[in-house]
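The residues making up each chain are set out below.
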Amino acid sequence: MQLFSIGLFELNMDGTKVTDENGSPIETYRIEDIVSYARAWTGFQQGSNKRGGTSTSGRRGDDSLDPLGINALYRDLFPKSDLNQGFIGDRSVPLCSDLPPGHALRKGAVWNLLGSNPRPRLQEDPEDWGPDLKRSLDLNPASPLFNKLCSPTWNGDCKFPAKVVLDENLSYDPTSQMTEQTVDTIRTVQIKNAGLATPVFYEYKRQPCVEYSFFRNGVKLVQARNIQGQQTNPSMCGDPRLAIATPMCCSSAGLGHFYCNYQGERMSYASAQQMCESHGEDICQTGDVSEESECGSGATSRSFRSWSSGGCEVHAKVDFSSGDVAIVHNPDPDISGQTFVEAMVDKDSLNFFKVKWDASSPSMNDCLALQSCIVHENSCICSTDVIDHQVFVSTDEISSADELMETLHTGAVDPATFDDGIYSSLGSCNISGVTVYSKAGGACSSLDKDAVFTLEVKSKQYFLKNSISKVHLTGTSYSFRNPVQYNSLVDPEVRDMQFETDETIDRTRIQLLTNLQSPSSRSHPPFLSIRILQRFGLSNPSPGLVERVALAYSEGSYQGIGSGKYGDLGALVAAIMLDDESREVILDRDPSHGHIREPLVKLLSFFRSMGIAFNMPLRIPSLLSLEGDIGQGSFESPSVFSFFLPEFEPNSPTVKSAGLVSPESMVLQGNLILYQLDATWNMVKFGFTDSRQCGDDQGTTFSNWRNDVGDFGFKLQAGRYTNCASTEGDVSLSPAIISYQPSITSSVDKLIEELSTLLTAGRLSDKNKALVKSAILPYFSAGDRGKATRIAQQLLLSSPEFHTTGVSRRLEDIRQAALYESSPQQPYKALVVFVLNGGCDSFNLLVPKGQCQNGDGYNEYVKARGSHALSKSNLISIDANSPQQNCQEFGIYNAFGLLGDLYNSGEALFFANTGVLSKPMSKHDEWVKETSFQLFAHNTMLHEYATGDPYEKNAGTGVFGRMLDKLRLKGYHTSANSVNGGETALTGDQYYNNPVNSVSIDNPSELNKIPSIDNLVDLVKEMNGVGENNNNYLSETFSGRVASAFAEHEANAEISSNPLFNLPLDGADGYGGKSSDSLNMSFWAVARHMKSRVYRKVNRDVYFVSQRGYDLHASNTLSTLFGSGSRRADENERGGNANSNLQRFIQFLKDEGLWDSTAILMASDFGRSLNPNSGGGTDHGWGGNYFLAGGKVNGGKIFGEFPSPLSPEHPNWIGRGRFIPTTPWDAVWNGLAQWLGVDSDDDLDWILPNRQKFGSSLFTRHDLFTDSPVVTPAPVGPPQPTPLPTIQSPTASPVQPTTTPLQIVGNNGSPPEAFPLGLCQGDCDVDGCSGSEFNQSDDYCYGRPSQNHLWIVGDNHVPASAYPLQSCDGDCDSDDDCFEHLKCLQRGGNEEVPGCTGTGFTKTDFCYDVNPNRTPGPTQSPLTYSPTKMPSTNSPTSSPTSSPTSKPTTVNPTPIPSPQPTNQPIEPTSPPTVTAVHVVSPVGSVVGKS
C-alpha cells in the first residue's frame, strides 16, 4: 500500500494531501490495517531455482527471479479487514454456500490441464497417496464435460486445451446419472482415450467464493483415529451447508468407515448422511476408523476431517482493549467426556481480527454481568446467534446504485448460472445502472433476501445479495456484521489463498464506492500518477498535471487512447507523454522542473546516443553488481524500496527550502559520482574492456575506477580482450567501442551542437558550450578531429545538463570546498551511530532472566515469544543495576557476546523499550491519533529517528546535523560523515553550512589517467560552478555534489597517501576482517577516517554506519546477523557477524587511544513484535532495546523501563507483543548532545524541539558518561565573541558569526586591493558588527543581519530589480509592490511588522507574510544574507577580512539560488540604533553616523 498503491496519506486528485480540521494530513491506513493486510501475504515461499527442468544452482541469486509460491501450512486463514470498515471478499464474490449444485458444470467454470499427473496443483492431497488410488473421477466419453475438455478435431482426436472455460451450462440427460452430476465437489477428472497410452487429467478451479466466519447449527468435525472413544487429534466446527468434509459412517459394531466416489471427496453434511445411509450405516463420532475400505487410505492424515454426529457451537472471543474478535469452537465432548479443540480456534487463540460493531463492544464489567459470556484473560468469550436480515423490502427504498454499494456487503452468484426458471429479471426497477433479479414470484415492490442486484462500478461488475448477516452475542444487545473469509478453516486450499491475495491487491486499486469516499479509492489514481511521473522525469510534477494523469487513469482514456475502463495504464502513460506540460520546452527553464537522471538511465543513454558497437564473440552485457559503483544495478534493487525513496529530500538548500523532492539524489554519494564520471571518460578513450591491469608506459593502473567490474559488468570470454591500450584514443584491444562519428566536421560549433542534441537534448548552456569550444578548438584546428570529439564527449558527459533535465545557469566562479584553517583547541570526541536496518528483533537481544519482584519475567518472555524464545543457556547473565526494572537479572544473546563483555565491564549500557514518540502515551490514550507520524513503516520510522522532529519545527534537518550546527557555533570543528546512509540524520540547517561528507570504503585512485586533456577535472569543476540565483534546483543540487565529491576525493587522496594514516586491512599489523564483508569494510572506513582527525583539524566527528537484513518477517536468523556470517554470504547483503566486526573496530579504538573519546550508539527502524507470525518470523513493532558503548560510558546499567509484564496486561502493549515506547529517543539524544558539548537549554530545545514534553525522563551527560563535564570553549583574544572558522560549502551560505569586528582597511579607494570592502570594513555600532568607532566621519559597509530583518531595498520601484519585494523588504506603497501572497503594512510610526525583526525607519512601509509557514514559490528566490560581501560578475570575487585571532583570509562566497531559509538565523545580541542609512543595493549598505 505504502509503495505501490495508495501511499501514506489520503490525496486529492491533484496529488495534494487531504487534511483534517486541524490542517494535518489524513492517513490512508493505520496499524490495524497493516496487520490485517499483512495476513494476506503470509505463507509465501521462494520458488525452487529451476527453470525448464534445468537447474540454475550456482548462478547468482537466480531463485529470486522465480515466482513465489504459497505454503498453505503457513497461511493466515482468518478474515482480513479492508480500508472501508469491511472485509476482503465483501461484494466481490458470492458465498460458497450459495453456489448452485453442479457448479463445476455451469457457465464460467474453469478447468486447467494437469497432463499425465493426477495430483492437483491448487488443492492439497496427502503426500503418501500412491498412484493406485482413485483420486480422480473417470469421465464417460459420452459426457458433455468429456467433450468440452477433449475439444476434438474434425477427425475426433482430442486437442486437450491448457485451460477450458465453460461458455454455457452443460446439459445432461437427467436419467444418465453420471457421477459428475451427483457429487458436491470435483477435484480432478481423468480422460481415457483409445489413442492415449496414459490418461489425461484436468483440475477444476472452483470460482472464488467466501464463507461466513460465524454460522448456526455447527457440526463437530473429527479427524483421524479415536482410541477407545477418546480423540487423539483435535476437532472443530463445520458449517453443515458447505462441502468441506468426508462422512464418518459407523456400523452397528461401532467400526467407522469412509465412503466416497473418489479419494478425498468432500461433501456437505446432508450428502454425508445420504452416503452413510446408502451403506446401511449412520454418521457417528466414536468408532475406530477402518483404513481397509476403498476410501480409507490416508484416513489418519491431517488432510481428512469428517462429519460426525456431535454438535459444535461457534463462540466469539472479544478483546477488551481493542474490540477485536477471535473465533472459538466449542464441540461436544467425545465418549470419554474429553474435548480436544484445534489450537487456532480454542479458547487461548490469539487470532484476533477487526469487526464492525453496531454500537460498542462489551467491557470487562459487561462480560461479568452477561450470562452467555465468560472472562478469559484479557477477553470475553460469548456464545453467538447468527441471523440473516433482509435489507430492502422494496426497490422504492433505494435511491441509487451508490446506495446499494454502500449498504449491501454480501456478493451473490450470477443469476445466469442457475437453471432456467430459478431467477427472473425485474429490469432496473427505476434504479439507474442496476438490474434486479428475483426468485419466482418476486417483484420490485416485494423483494426477499435472495434478490440480486447487478451493477457495474469502474469497469467491474458486481452481483449483490439483498441480505446482511449479523452476529449477536446471545441474550445481549451487542452485535457486529458477520465477517467473510476466503479460506476455509477446515479445508484450506492454495486456490482460495490465491483468490484472497488477488482481491487484496484489487482492494487498494479499484474504486469500490462511486462517490469516492474510500481513502484507498480516492488516493490510488493520484498516488500512482505521481510515482510514474517521477519515473518519467518529473520529480515534482505540478498538481494540474497530476490531476489530468489521474483522471486519464480513472476514466481509462486520454485523447482517444485507452480502453475506457478504470485503471488503464495505457491511458495514464498517454496523458504523461501527450500533455502540454510534458511537451512544452519553456518549462525546462522553470527552476523546479525536471529531475536528476538515474545512474543506469544515464549509462544506457550514453550507450545509445554514442552508438555502442560490439566485436564478437561477446556475451550480452549484464550491468550487474553496479550498485556499489554507480548507485544502481540492473535487476538488483536492494529492497522493495528500490535504490532511492520517492520522497527523498537531499542535503540541498534549494530543494529543501522549496518543499521539493529529488529521489535520485539519494545515490549522489561522492564516490559513486566520480566512478561514473571516470568510467565514462575511459570508455570514450579506450572503449570497453574486461582488463583489470591497464596502465600507462610506467605500468601504473587505474583499475579501481575504470575496470572494477569489467567496465560496467561486461562478461567476456576467457582469453579474449583481457588487455587494454596505453595510448589515449586506442580502442583496438577493446571488445566494444563508441562508434559515434560527427556528421559535420567542418565547424567546431556544429560538432558541439550535435553532441549537445544527442547527450543533453540541446540543453547545454552557452557558457558551457563556450567552455567546451575553448578546450577542443586547438585540436580541432590542428586537424585532430578525433581527439577534439573525445574531449567534447567527456566534458558533456560531465555536465549538469547531461545528469539533470533542467536548464543549468551558472556564474564564472568555481565552487569552494569546506576546509578548516586552524587546529581546534578542545579534545576530540566521536559518535558512531550504528543502524541495524529493517527493524532489529531487540527483545531477543536483551531478555529478562530472573530475580523478579513480580511474576516470572523469563516465563512471560517464553510465552510471548513462542518458537522465537531463547533458552537460558543462550543468554549471558547481566545485572540490571536499576531499581526501575522489575527483574534484576537479564540476559544478553550470546550471539552478540561482545556486548555482554562490554556491559559487564561497565563499558556498555542499554536503553529499554526506546523509540520515537510524539508525546508520552499508553494504549489507554488515543495513541494512533496522537502520534504525528506514520507508524510501523520502514521509511517513516527511520525518517522520524533521523530528524528527531515529529512536528517539523526544523524541517529538512536531522537531529545529529543540528547537534553539529550548535557545536560549530560554539567553536568546535565538526564533521558529519556518511559511510552508507544517514544523510538525513546528519544534515544541518542550511544557514550553518555543515556539509555531509561521504566516507568511502575504497582507496581513492587517480582520476583521468592517460588523459585526453590534462585539465579535464578543472574544466568539469568549472562546468559545475556556482549557480545563478535562478539556476535549476536539481542542477544546483547535482553540481554542488560534484564539487563536494572532488573536494572529498582530493582530501581522501592526501589522507590515503600520508603514511601516518595508513591502515592496511591485512597483515600482522592490519585492521583485519574480510574485504568481502560490507559491514567490516564500513567500520574499517570509519577507523581510517578517524586516524586523519588531526590532519582534518576536526574535534567532533559523527559517523553513520548501517547493516542491512534485520527485517525478519519469514525467518529467525538474528544469530546469523549478530554472529557467524550472513544468510547469503556470497553476496554479503546483510553484512553478517556484527559481533566480530564491532569487536574489531573497538580494538582499533583502544589501540588508537580513542576508546575513551568515542561513543557507539545502536539504533534501528523500530523493535519487532514479540509474538511470532505464521511465516516463522516477526513483524514490525515500535519500542526496542538499544545499547550505547564507549570507554567513558556509564555502563553496566539498564536505563528506561523494560516492559513488565510481557503480556497484554501491560499498559503499553498494543497487540501481538508490540509496545509503545516508554523511553523516547529524545532522552538519549539529550545526554549525547551534552556529552558532545551542547550545554545550553535553548540550544538543546532547538536541537530537540520535542524534548520539553518528556521532562524528567531526559538523560543527561552525567547519567550516560563518567568523564568530566564538557567545558564550553573560552573566547580567545580580545573580549569579543569568537568568530567561526571561515568555511565555504558548494551549496550553502557561509557560517554567520554572531558579530564581526569593525576594521579600517582603506580610505578613498586606497589601497586599491582593499576595495570593494567587506562586511564591517571601512564607524558606528551597527547590526552584526562589534568594536569601537575609529572616527565619527568613517563609514562602514553593512550587511543585512538576517533575512527577516527589516531592510530597505528600494523606493518608488528604484532599482526596478528589487521589485516585487520579499517579506521584511521596504519601501512598499501597496500590496502590488510585494511578491505574490505578501501584503504591504502601512505604518504610521515604528509598528512591529509580523514575522520580522528590527524597527526599520519611522513611517517606512514593509512587505510581510500573512502566513509565515507558507512554502515560497519555485520561480523567485529571496536574497540571502551572507556575512561577507556578495560577489557580482563585474567585481572581484574576494575581499580581505581579518579577525582578532587570525590573519586576513581570502573568502570566495557562494551565492545560492534558495528560497527563504527554513529557520531563523542568529540575531545580534542587542539591537543597534541606526539613525541614517544610505541605501546602495539590496545586499549591502553604507552606514554613516550622524
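Above this text you will find the structure in question.
What counts and how
Residues numbered from 1 in each chain as written. Predicted model: local features only at pLDDT ≥ 70, side-chain atom pairs only at ≥ 80, totals over all residues. Heavy atoms only, no water. Salt bridge = Lys/Arg side-chain N within 4 Å of Asp/Glu carboxyl O. Buried < 20%, exposed > 50% of the residue type's maximum accessible area, 1.4 Å probe, protein only. Phe/Tyr/Trp six-rings, centres within 6.5 Å; stacked < 30°, edge-to-face > 60°. Helix = DSSP H or I, 4+ residues; strand = E, 2+ residues; numbered from the N terminus. Lys NZ or Arg CZ within 6 Å of the ring centre and 35° of its normal. Axes fitted to C-alpha atoms, helices over the stretch in contact; angles between N-to-C directions. Parallel < 35°, antiparallel > 145°, perpendicular 65-115°, else oblique. Contact = heavy atoms within 4.5 Å. Nonpolar A, V, L, I, M, F, W, Y, C, P; charged D, E, K, R; others polar. Core = buried A, V, L, I, M, F, W, Y, C linked by side-chain atoms within 4.5 Å. Pairing = 2+ DSSP bridges.

Caption draft 1: Seen up close, the pattern of salt bridges. Considering all chains together, one arrives at 47 salt bridges under this definition. Between Lys80 and Asp76 there is a salt bridge, and its shortest N-O distance comes to 3.6 Å. Between Arg1041 and Glu1048 there is a salt bridge, with the nearest N and O atoms lying 3.3 Å from each other. Its relative accessible area of 10% is what places Arg1041 among the buried residues. What you see here is one network of salt bridges that share partners, running through Arg39, Arg75, Asp76, Lys80 and Glu500.

Caption draft 2: Focus on the packing of aromatic side chains. One pass over the full model with this rule turns up 35 aromatic pairs. Look at Phe843 and Phe1202: their rings are 5.6 Å apart centre to centre, the planes differ by 65°, and that puts the pair in the edge-to-face class. One end of the pair, Phe843, is in the loop between strand E32 (829-836) and strand E33 (846-852); the other, Phe1202, is in the loop between strand E42 (1198-1200) and strand E43 (1223-1224), with 359 residues separating them in the sequence. In this structure, Phe843 and Phe1202 share a single accessibility class: buried. Each member of the aromatic cluster is reached from another via a ring pair, and the members are Phe834, Tyr1071, Phe1083, Phe1145 and Phe1148. The ring centre of Phe936 lies 5.8 Å from the NZ or CZ of Arg1218, which sits over that ring.

Caption draft 3: Layout of the packing of helix H12 (residues 599-610) against helix H15 (residues 670-686). Relative orientation of the contacting elements H12 and H15 amounts to 10°, with a least axis distance of 12 Å. With respect to their mutual orientation, H12 and H15 come out roughly parallel. Residues Pro599, Lys602, Leu603, Phe606 and Phe607 of H12 form the contact with H15, whose own contacting residues are Gln676, Thr680, Met683 and Val684. Along the lines of polarity and charge, the residues of the contact of H12 with H15 split into six nonpolar, two polar and one charged.

Caption draft 4: Focus on the nonpolar core. Judged by nonpolar contacts, the single largest core of 128 residues is most densely connected at Trp927, Phe960, Phe1122, Phe1145, Ile1160, Trp1182 and Leu1188. When residues no more than four places from it in sequence are discounted, the contact partners of Trp927 are Ile31, Met921, Ser922, Leu935, Phe936, Trp1182, Ile1214 and Ile1220. Grouped together as the second largest cluster of nonpolar side chains are 71 residues, Leu95, Leu99, Val413 and Val494 included.

Caption draft 5: Fine view of the sheet that holds strand E18 (residues 282-283). In space, the three strands of this open sheet follow the order E17-E16-E18, with antiparallel pairing throughout. Of all strands in the sheet, those bounded by a partner on one side alone are strand E17 (256-257) and E18. Note: strand E16 (residues 249-250) against E18, two bridges, orientation antiparallel. The residue bridging Cys249 from the neighbouring strand is Ile283, located in E18.

Caption draft 6: Representation of helix H1 (residues 31-39) in the model. Every buried residue of H1 is accounted for by Ile31, Asp33, Val35, Ser36, Tyr37 and Arg39. On its buried face, H1 sits against helix H7 (494-507).

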